[in-house]
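Coordinate inspection notes
Here is how the chains run, residue by residue.
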Amino acid sequence: MATHSSKIRKAVIPAAGLGTRFLPATKAVPKEMIPIVDVPMIQHIVEEAVRAGIEDVILITARHKEAIENHFDYNYELEDTLDKKHKQELADVSRAIGKMCNLISIRQKNPMGLGHAVLCAEPVVGNEPFAVLLGDDLIDSRVPCTRQLVEIYEREHASVVGVMEVPKDEVSKYGIVGGKMLDPRTMHVDRLVEKPAPKDAPSRFAIPGRYVLSPAIFQCLKETRPGKGGEIQLTDGLQLLAEREKLLAYQFEGTRYDTGDRLGFIDATLAFALRRPELAEGVRQIMTKHLSGK
Ligand code: G1P
């Protein structure tokens, strides 16, 4: 069993990608800043981490991503102007984002893959377990998905990845786990394959971008050679981790939206807008209008 403390205080959020699936929107604006309704996607992700007890968010970033850092800072001119105009509620909304967490950013200077991005966080994470949240996956649940995984890590002292069941023809979009079911939701993982062909998939349990990992993953990632797409894959590093330590997969409770995909993004936008009391009725009317073709 690992000797480090098992309290999860840090989360790594890789955000160095170019966002090519969302061009032209992402030409000058980081894809993480594109909003679902009026909240940038990255804020939804950071809020999930904070609701899971995370204090320090380690953002793996790249050139031209300064807007993300600014978003989680105070904006004195804006907040002061809002104060003077007695728009206290809006000023508070802005300040609350600045207070949300400690944001530490690290540049991933070369795009060498998700595994490499996570490895960039080692100097800040050190010898502590930590969460990883990928920004293209929004998970809507009563108990935040990361919270569900943190509870398992703290109880079992074992790394854990969140999984969901996907149709066979979709396994090639994800990291897929295989192993022995311990209960209807939990698997002891002994195999992981990054984006397998359906015939090579060890199961239909896919990882939609939520992990709580022991710091032993860093050594595993250092030993991981480039895999799919010539990149250092986190999934391949996790295979090594599963050979050295206990690794669990947990079928989390919640609905996942693939906001990196245009249809998934529209799906999430409608779902989140319909939950806002001040917008729901208006959105329903707009949808009815479009569906009736008028
Ligand atoms: C990444 C990971 C993959 C994971 C997926 C979740 O792939 O490599 O294992 O299942 O995120 O969204 P990407 O979608 O960045 O190609």
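Before reading on, note that the structure itself is shown above.
Report follows, based on the coordinates.

Parameters and conventions
Residues numbered from 1 in each chain as written. Predicted model: local features only at pLDDT ≥ 70, side-chain atom pairs only at ≥ 80, totals over all residues. Heavy atoms only, no water. Near = heavy atom within 4 Å. Polar contact = N/O pair within 3.5 Å; in protein donor to acceptor, adjacent residues only side chain to side chain. Areas by Shrake-Rupley, 256 points an atom, 1.4 Å probe, with all protein chains shown as cover. Nonpolar A, V, L, I, M, F, W, Y, C, P; charged D, E, K, R; others polar. Core = buried A, V, L, I, M, F, W, Y, C linked by side-chain atoms within 4.5 Å. Buried < 20%, exposed > 50% of the residue type's maximum accessible area, 1.4 Å probe, protein only. Contact = heavy atoms within 4.5 Å. Helix = DSSP H or I, 4+ residues; strand = E, 2+ residues; numbered from the N terminus. Patch = residues over 30% accessible without salt bridge, like charges linked within 9 Å, V, L, I, M, F, W, Y side chains within 5 Å. Salt bridge = Lys/Arg side-chain N within 4 Å of Asp/Glu carboxyl O.

Here we look at the site of the ligand
Taken together, the neighbourhood of the ligand is formed by Leu-114, Leu-134, Asp-137, Tyr-174, Gly-175, Glu-194, Lys-195, Ile-207, Pro-208, Gly-209, Gln-233 and Thr-235. Within the side chain of Asp-137, one N or O atom sits 3.1 Å away from an oxygen atom of the ligand. Between the ligand and the protein, one listed contact pairs an oxygen atom with a side-chain N or O atom of Thr-235 at 3.2 Å. Coverage of the ligand by the protein chains reaches 76% of its 380 Å² of free accessible surface. Class assignment for the residues of the shell around the ligand results in five nonpolar, four polar and three charged.

Regarding the nonpolar core
Counting 48 residues, the largest nonpolar core has Ile-13, Ile-42, Val-46, Val-160 and Val-212 as the members making the most contacts within it. If we ignore the near neighbours within four places in the chain, the residues touching Ile-42 are Ile-13, Glu-32, Met-33, Leu-59, Ile-68 and Phe-72. Among the nonpolar cores identified, the runner-up in size contains 34 residues, and Ile-58, Ala-117, Val-125 and Val-163 belong to it.

Description of unusual backbone geometry
Omega for the bond connecting Leu-23 with Pro-24 falls within 30 degrees of zero, at 5 degrees, which places this linkage in the cis form. Within the secondary structure layout, Pro-24 lies in the loop between β1 (10-14) and β2 (35-36). Here His-64, not a glycine, exhibits a phi torsion of approximately 70 degrees, which is positive. Looking at the element boundaries, His-64 is found in the loop between β4 (56-61) and α2 (66-71).

Let's talk about a nonpolar patch on the surface
A cluster of nonpolar side chains, contributed by Leu-263, Ile-266 and Leu-270, occupies part of the molecular surface with about 280 Å² of accessible area. As for its placement among the helices and strands, Leu-270 is situated in helix α10 (residues 262-274). In this structure Leu-270 comes out as partly exposed when scored by relative accessible area, which is 31%.

Notes on the environment of Asp-236
Mapped onto the elements of the fold, Asp-236 is located in helix α9 (residues 234-244). Residue classification places Asp-236 among the partly exposed positions, given a relative accessible area of 24%. Residues Asp-236 and Asn-70, spaced 166 residues apart in sequence, show a C-alpha to C-alpha distance of 33 Å.

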